[in-house]
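What follows is each chain in one-letter form.
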Amino acid sequence: MRKLSLILLVAIFALSGCSTDPYAEISANEEAVISVDDKEYTRGQFYEALVSTNATALVTNKLIDMIYQEEIGDDSEIIAEVNDVIDQLKASDESYFNLYLSYMGYTSEEAYINDMMLFSKQDALVGKYIEDNYDSMIEEYQPKMVRMLQSSDKEAANTALELIKDGADFKEMVATYGNDNYTGEPQLIHNASTNVSGNALLAIQSYDSAQILDAVVVNVEGTLFNVIEIVDVDPISIKEDFIATLKQDDTIISEAITSFVRAGNFTVYDKNVYEALLESNPDFLDQ
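Residues numbered from 1 in each chain as written. Predicted model: local features only at pLDDT ≥ 70, side-chain atom pairs only at ≥ 80, totals over all residues. Heavy atoms only, no water.

Asks: Please set out the overall build of the chain residue by residue, giving values where relevant.
Replies: From N to C terminus, the chain includes 11 helices and 11 strands. Every one of the 287 residues in the chain was classed for burial, and the buried ones make up 36%. For the chain, restricting intrachain contacts to residue pairs at least 6 apart in sequence, the fraction spanning at least 24 positions comes to 63%. Put simply, the chain shows about 16,000 Å² of open surface, and 48% of that area lies on carbon and sulfur atoms. (Helix = DSSP H or I, 4+ residues; strand = E, 2+ residues; numbered from the N terminus. Buried < 20%, exposed > 50% of the residue type's maximum accessible area, 1.4 Å probe, protein only. Contact = heavy atoms within 4.5 Å. Areas by Shrake-Rupley, 256 points an atom, 1.4 Å probe, with all protein chains shown as cover.)

If you want it as C-alpha coordinates, here you go:
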(Lines give C-alpha, C1' and ligand atoms only; values in the text may rest on other atoms or scores of the structure.)
Protein backbone atom coordinates (compact mmCIF):
# COMPACT_ATOMS: atom_id res chain seq x y z
CA MET A 1 0.00 0.00 0.00
CA ARG A 2 1.29 3.52 -0.75
CA LYS A 3 1.89 5.86 2.15
CA LEU A 4 -1.32 7.45 3.46
CA SER A 5 -0.43 11.06 4.09
CA LEU A 6 -3.57 12.77 5.36
CA ILE A 7 -3.35 16.51 4.79
CA LEU A 8 -6.87 17.26 3.55
CA LEU A 9 -9.65 16.89 6.10
CA VAL A 10 -12.41 18.31 3.92
CA ALA A 11 -12.32 19.66 0.40
CA ILE A 12 -12.78 23.31 1.36
CA PHE A 13 -9.50 23.44 3.28
CA ALA A 14 -6.09 23.38 1.65
CA LEU A 15 -3.75 22.29 4.44
CA SER A 16 -0.03 21.88 4.14
CA GLY A 17 2.46 20.19 6.46
CA CYS A 18 5.06 22.36 8.16
CA SER A 19 8.23 20.87 9.55
CA THR A 20 8.72 23.56 12.19
CA ASP A 21 5.11 24.27 13.19
CA PRO A 22 3.20 21.38 14.86
CA TYR A 23 -0.11 22.88 13.65
CA ALA A 24 -1.14 22.48 10.04
CA GLU A 25 -1.32 25.70 8.06
CA ILE A 26 -4.38 26.75 6.13
CA SER A 27 -4.11 28.59 2.85
CA ALA A 28 -5.86 31.99 2.94
CA ASN A 29 -6.29 31.57 6.68
CA GLU A 30 -8.04 34.93 7.13
CA GLU A 31 -10.29 34.64 4.10
CA ALA A 32 -13.99 34.78 4.99
CA VAL A 33 -16.00 31.69 4.28
CA ILE A 34 -19.40 33.01 5.34
CA SER A 35 -20.82 36.01 7.13
CA VAL A 36 -23.67 36.03 9.64
CA ASP A 37 -25.20 39.28 10.85
CA ASP A 38 -22.25 41.13 9.31
CA LYS A 39 -19.80 38.94 11.24
CA GLU A 40 -17.29 37.11 9.08
CA TYR A 41 -16.03 33.58 9.79
CA THR A 42 -12.63 32.73 8.34
CA ARG A 43 -11.26 29.53 6.93
CA GLY A 44 -8.98 29.32 9.95
CA GLN A 45 -11.92 29.54 12.35
CA PHE A 46 -13.76 26.85 10.46
CA TYR A 47 -10.74 24.55 10.57
CA GLU A 48 -10.22 25.13 14.30
CA ALA A 49 -13.88 24.39 15.04
CA LEU A 50 -13.88 21.25 12.96
CA VAL A 51 -10.68 19.90 14.44
CA SER A 52 -11.72 20.61 18.02
CA THR A 53 -15.13 18.92 17.69
CA ASN A 54 -14.88 16.37 14.89
CA ALA A 55 -11.23 15.56 14.29
CA THR A 56 -11.47 11.85 15.00
CA ALA A 57 -14.58 11.29 12.90
CA LEU A 58 -13.30 13.40 10.00
CA VAL A 59 -9.93 11.71 9.89
CA THR A 60 -11.28 8.18 10.34
CA ASN A 61 -13.90 8.67 7.64
CA LYS A 62 -11.32 10.06 5.25
CA LEU A 63 -8.98 7.18 6.01
CA ILE A 64 -11.65 4.58 5.29
CA ASP A 65 -12.32 6.20 1.92
CA MET A 66 -8.61 6.42 1.08
CA ILE A 67 -7.86 2.84 2.15
CA TYR A 68 -10.83 1.51 0.21
CA GLN A 69 -9.60 3.18 -2.96
CA GLU A 70 -6.13 1.70 -2.41
CA GLU A 71 -7.15 -1.82 -1.36
CA ILE A 72 -10.29 -2.42 -3.43
CA GLY A 73 -10.85 0.54 -5.73
CA ASP A 74 -13.98 -0.34 -7.65
CA ASP A 75 -17.03 1.00 -5.84
CA SER A 76 -19.61 0.29 -8.56
CA GLU A 77 -21.10 -2.60 -6.59
CA ILE A 78 -21.41 -0.45 -3.47
CA ILE A 79 -23.08 2.34 -5.44
CA ALA A 80 -25.56 -0.16 -6.89
CA GLU A 81 -26.35 -1.58 -3.44
CA VAL A 82 -26.87 1.87 -1.92
CA ASN A 83 -29.11 2.93 -4.80
CA ASP A 84 -31.11 -0.25 -4.38
CA VAL A 85 -31.66 0.50 -0.69
CA ILE A 86 -32.75 4.05 -1.51
CA ASP A 87 -35.17 2.77 -4.16
CA GLN A 88 -36.66 0.32 -1.66
CA LEU A 89 -37.10 3.02 0.96
CA LYS A 90 -38.82 5.24 -1.57
CA ALA A 91 -40.86 2.46 -3.16
CA SER A 92 -44.07 2.75 -1.18
CA ASP A 93 -44.16 6.44 -0.31
CA GLU A 94 -41.43 9.04 -0.73
CA SER A 95 -42.85 10.99 2.22
CA TYR A 96 -42.05 7.95 4.38
CA PHE A 97 -38.47 8.13 3.14
CA ASN A 98 -38.23 11.79 4.12
CA LEU A 99 -39.70 10.97 7.53
CA TYR A 100 -37.16 8.17 7.89
CA LEU A 101 -34.28 10.54 7.07
CA SER A 102 -35.53 13.02 9.65
CA TYR A 103 -35.92 10.30 12.27
CA MET A 104 -32.37 9.11 11.63
CA GLY A 105 -31.07 12.67 12.01
CA TYR A 106 -30.24 13.39 8.36
CA THR A 107 -30.92 16.77 6.79
CA SER A 108 -30.64 15.52 3.22
CA GLU A 109 -30.69 12.40 1.08
CA GLU A 110 -27.12 13.16 0.02
CA ALA A 111 -25.88 13.04 3.63
CA TYR A 112 -27.60 9.68 4.15
CA ILE A 113 -26.11 8.26 0.95
CA ASN A 114 -22.63 9.46 1.94
CA ASP A 115 -22.90 7.67 5.27
CA MET A 116 -24.19 4.50 3.62
CA MET A 117 -21.31 4.58 1.16
CA LEU A 118 -18.83 5.02 3.99
CA PHE A 119 -20.35 2.18 6.01
CA SER A 120 -20.34 -0.11 2.97
CA LYS A 121 -16.69 0.67 2.26
CA GLN A 122 -15.78 -0.06 5.87
CA ASP A 123 -17.75 -3.30 5.71
CA ALA A 124 -15.92 -4.32 2.54
CA LEU A 125 -12.54 -3.55 4.09
CA VAL A 126 -13.33 -5.56 7.21
CA GLY A 127 -14.45 -8.45 5.00
CA LYS A 128 -11.18 -8.27 3.06
CA TYR A 129 -9.19 -8.24 6.30
CA ILE A 130 -10.98 -11.36 7.54
CA GLU A 131 -10.50 -13.10 4.18
CA ASP A 132 -6.80 -12.23 4.17
CA ASN A 133 -6.39 -13.63 7.69
CA TYR A 134 -8.99 -16.39 7.56
CA ASP A 135 -6.82 -19.31 8.68
CA SER A 136 -5.52 -17.47 11.74
CA MET A 137 -9.06 -16.27 12.53
CA ILE A 138 -10.31 -19.86 12.47
CA GLU A 139 -7.53 -20.92 14.81
CA GLU A 140 -8.14 -18.03 17.20
CA TYR A 141 -11.95 -18.07 17.31
CA GLN A 142 -12.71 -21.79 16.79
CA PRO A 143 -16.11 -21.12 15.16
CA LYS A 144 -18.87 -23.74 15.08
CA MET A 145 -22.42 -23.86 13.79
CA VAL A 146 -24.62 -24.72 16.75
CA ARG A 147 -28.28 -24.99 17.58
CA MET A 148 -29.65 -24.71 21.08
CA LEU A 149 -32.72 -25.37 23.17
CA GLN A 150 -33.00 -23.51 26.46
CA SER A 151 -35.46 -24.00 29.30
CA SER A 152 -35.81 -22.83 32.91
CA ASP A 153 -37.15 -26.33 33.69
CA LYS A 154 -34.40 -28.92 34.16
CA GLU A 155 -36.71 -31.88 33.61
CA ALA A 156 -38.09 -30.38 30.41
CA ALA A 157 -34.58 -29.87 29.07
CA ASN A 158 -33.57 -33.44 29.94
CA THR A 159 -36.72 -34.81 28.30
CA ALA A 160 -36.03 -32.81 25.15
CA LEU A 161 -32.42 -34.05 25.06
CA GLU A 162 -33.47 -37.70 25.27
CA LEU A 163 -36.11 -37.26 22.58
CA ILE A 164 -33.62 -35.54 20.26
CA LYS A 165 -31.15 -38.38 20.82
CA ASP A 166 -33.93 -40.75 19.79
CA GLY A 167 -34.45 -38.85 16.54
CA ALA A 168 -36.97 -36.12 17.38
CA ASP A 169 -36.79 -32.92 15.33
CA PHE A 170 -34.69 -30.31 17.15
CA LYS A 171 -36.86 -27.32 16.20
CA GLU A 172 -40.03 -29.13 17.25
CA MET A 173 -38.47 -29.85 20.62
CA VAL A 174 -37.55 -26.18 20.97
CA ALA A 175 -41.15 -25.21 20.27
CA THR A 176 -42.41 -27.75 22.82
CA TYR A 177 -39.88 -27.52 25.65
CA GLY A 178 -37.82 -24.38 25.09
CA ASN A 179 -38.13 -20.74 26.07
CA ASP A 180 -37.97 -17.94 23.52
CA ASN A 181 -34.22 -17.28 23.75
CA TYR A 182 -33.32 -19.68 20.93
CA THR A 183 -35.28 -20.86 17.89
CA GLY A 184 -33.38 -24.05 17.17
CA GLU A 185 -31.99 -22.59 13.95
CA PRO A 186 -28.23 -23.08 13.47
CA GLN A 187 -26.18 -20.11 14.65
CA LEU A 188 -22.49 -19.41 14.57
CA ILE A 189 -20.72 -19.52 17.93
CA HIS A 190 -17.06 -18.68 18.50
CA ASN A 191 -14.68 -18.09 21.40
CA ALA A 192 -15.78 -14.50 21.91
CA SER A 193 -19.54 -15.00 21.47
CA THR A 194 -21.66 -13.14 24.00
CA ASN A 195 -25.07 -14.58 23.10
CA VAL A 196 -24.52 -17.80 25.07
CA SER A 197 -23.70 -18.34 28.74
CA GLY A 198 -20.09 -18.91 29.76
CA ASN A 199 -20.79 -22.53 30.72
CA ALA A 200 -22.46 -23.22 27.38
CA LEU A 201 -19.56 -21.64 25.50
CA LEU A 202 -17.03 -23.73 27.40
CA ALA A 203 -19.02 -26.87 26.65
CA ILE A 204 -19.31 -26.04 22.95
CA GLN A 205 -15.61 -25.30 22.61
CA SER A 206 -14.64 -28.57 24.27
CA TYR A 207 -15.93 -30.47 21.21
CA ASP A 208 -14.27 -30.47 17.81
CA SER A 209 -16.80 -32.46 15.78
CA ALA A 210 -20.50 -32.27 14.93
CA GLN A 211 -22.61 -34.03 17.57
CA ILE A 212 -25.27 -33.61 20.23
CA LEU A 213 -23.79 -32.84 23.64
CA ASP A 214 -24.37 -35.78 25.96
CA ALA A 215 -25.77 -33.78 28.88
CA VAL A 216 -27.81 -30.67 29.54
CA VAL A 217 -25.57 -27.66 30.23
CA VAL A 218 -26.68 -25.41 33.09
CA ASN A 219 -25.71 -21.74 33.35
CA VAL A 220 -23.58 -20.44 36.23
CA GLU A 221 -26.63 -19.26 38.15
CA GLY A 222 -28.27 -22.67 37.86
CA THR A 223 -31.44 -21.17 36.40
CA LEU A 224 -31.28 -22.05 32.71
CA PHE A 225 -30.72 -25.45 31.11
CA ASN A 226 -29.34 -25.84 27.60
CA VAL A 227 -29.57 -28.65 25.09
CA ILE A 228 -26.80 -28.11 22.53
CA GLU A 229 -26.09 -29.70 19.17
CA ILE A 230 -22.94 -28.89 17.22
CA VAL A 231 -24.03 -28.93 13.60
CA ASP A 232 -20.88 -28.04 11.63
CA VAL A 233 -17.22 -27.34 12.36
CA ASP A 234 -15.86 -27.28 8.80
CA PRO A 235 -14.05 -23.95 8.12
CA ILE A 236 -15.07 -24.00 4.46
CA SER A 237 -18.78 -24.64 4.85
CA ILE A 238 -19.19 -22.16 7.71
CA LYS A 239 -17.04 -19.47 6.10
CA GLU A 240 -19.86 -17.22 4.92
CA ASP A 241 -21.57 -17.25 8.32
CA PHE A 242 -18.29 -16.79 10.18
CA ILE A 243 -17.28 -13.77 8.14
CA ALA A 244 -20.75 -12.23 8.43
CA THR A 245 -20.62 -12.66 12.21
CA LEU A 246 -17.13 -11.22 12.63
CA LYS A 247 -17.97 -8.22 10.45
CA GLN A 248 -20.45 -7.12 13.12
CA ASP A 249 -17.87 -7.30 15.90
CA ASP A 250 -16.59 -3.86 17.00
CA THR A 251 -13.24 -5.34 18.05
CA ILE A 252 -12.68 -6.89 14.63
CA ILE A 253 -13.77 -3.69 12.86
CA SER A 254 -11.26 -1.66 14.87
CA GLU A 255 -8.55 -4.29 14.38
CA ALA A 256 -9.12 -4.38 10.62
CA ILE A 257 -9.09 -0.62 10.04
CA THR A 258 -6.09 -0.18 12.34
CA SER A 259 -4.21 -2.87 10.42
CA PHE A 260 -4.78 -1.11 7.10
CA VAL A 261 -3.88 2.28 8.58
CA ARG A 262 -0.64 1.02 10.10
CA ALA A 263 0.29 -0.76 6.89
CA GLY A 264 -0.08 2.55 5.07
CA ASN A 265 2.35 4.45 7.35
CA PHE A 266 -0.33 6.97 8.26
CA THR A 267 1.05 10.42 9.06
CA VAL A 268 -0.69 13.33 10.81
CA TYR A 269 0.57 16.87 10.21
CA ASP A 270 -1.54 18.70 12.74
CA LYS A 271 -1.07 18.65 16.52
CA ASN A 272 -4.81 18.98 17.27
CA VAL A 273 -5.66 16.05 15.04
CA TYR A 274 -2.78 14.03 16.46
CA GLU A 275 -3.90 14.61 20.04
CA ALA A 276 -7.52 13.75 19.21
CA LEU A 277 -6.45 10.48 17.60
CA LEU A 278 -4.02 9.75 20.42
CA GLU A 279 -7.00 9.76 22.77
CA SER A 280 -9.51 7.90 20.60
CA ASN A 281 -7.48 5.72 18.20
CA PRO A 282 -3.89 5.54 19.48
CA ASP A 283 -3.18 2.38 17.50
CA PHE A 284 -3.44 4.44 14.29
CA LEU A 285 -0.30 6.33 15.23
CA ASP A 286 3.31 5.22 15.05
CA GLN A 287 4.92 8.65 15.00
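Asks: Before we move on, could you go through the pairing of strand S10 (residues 225-232) and cite the residues and values that matter?
Replies: With respect to burial, S10 is a largely interior element, 6 of its 8 residues being buried. Sheet analysis places strand S6 (residues 144-151) next to S10, joined by 7 bridges and oriented antiparallel. Across the sheet, residue Arg-147 finds its bridge partner in S10, namely Glu-229. Judged from the 2 bridges that link them, strand S8 (residues 211-212) and S10 form a sheet pairing that is antiparallel. Along S10, the bridge assignment pairs Gln-211 with Ile-230. The turn joining strand S9 (residues 217-218) and S10, which pair antiparallel and follow one another in sequence, is formed by 6 residues; a positive phi near 75° is taken by Gly-222. (Pairing = 2+ DSSP bridges.)

Asks: An account of the packing of aromatic side chains is requested, with residue identities and associated values reported.
Replies: Going through the model one piece at a time under the given rule, you end up with 6 aromatic pairs. Between Tyr-134 and Phe-242, the aromatic rings sit 5.9 Å apart at their centres with planes inclined by 65°, giving edge-to-face as the arrangement. With Tyr-134 in helix H5 (residues 134-141) and Phe-242 in helix H9 (residues 239-246), this residue pair connects regions lying 108 residues apart in the sequence. According to the relative accessible area criterion, Phe-242 is buried, its value standing at 0%. Among the aromatic side chains, those forming a connected cluster through ring pairs are Phe-97, Tyr-100, Tyr-106 and Tyr-112. The ring of Tyr-134 has Lys-239 lying over it, and the distance from NZ or CZ to the ring centre is 4.9 Å. (Phe/Tyr/Trp six-rings, centres within 6.5 Å; stacked < 30°, edge-to-face > 60°. Lys NZ or Arg CZ within 6 Å of the ring centre and 35° of its normal.)

Asks: Mind laying out the side chain of Ser-151, listing which residues take part and the relevant values?
Replies: Among the structural elements, Ser-151 can be located in strand S6. From its side chain, Ser-151 meets the backbone nitrogen of Asp-153 in a polar contact 2.9 Å long. A distance of 3.5 Å separates a polar side-chain atom of Ser-151 from the backbone oxygen of Tyr-177. Among residues more than four places away in sequence, those in contact with Ser-151 are Ala-156, Ala-157, Tyr-177, Asn-179, Thr-223, Leu-224 and Phe-225. (Polar contact = N/O pair within 3.5 Å; in protein donor to acceptor, adjacent residues only side chain to side chain.)

Asks: Run through the packing of helix H6 (residues 154-165) against helix H7 (residues 170-177), naming residues and quoting values.
Replies: At their nearest, the axes of H6 and H7 sit 10 Å apart, and the two run at 160° to each other. By the angle class used here, H6 and H7 are roughly antiparallel. Crossing of H6 against H7: the hand is right-handed. When H6 is examined against H7, the residues Ala-156, Thr-159, Ala-160, Leu-163 and Ile-164 are found in contact with a partner set consisting of Phe-170, Met-173 and Tyr-177. (Axes fitted to C-alpha atoms, helices over the stretch in contact; angles between N-to-C directions. Parallel < 35°, antiparallel > 145°, perpendicular 65-115°, else oblique. Left-handed = near helix turned anticlockwise from the far one by under 90°.)

Asks: I'd like a description of H7, backed by residues and values.
Replies: Within the sequence span of H7, burial applies to Phe-170, Met-173 and Val-174. Seen along its axis, H7 keeps its buried residues to an arc of 105°; they face one direction. Opposite its buried face, H7 presents the exposed residues Ala-175 and Thr-176, each directed more than 90 degrees away. Summarising the contacts, the buried residues of H7 are in contact with S6, H6, S8 and S10. Where H7 starts, the residue carrying a side-chain oxygen 3.1 Å from the main-chain nitrogen of Lys-171 turns out to be Asp-169. (Arc of directions from axis to C-beta.)

Purely geometric stuff here, so don't read any function into it on its own.
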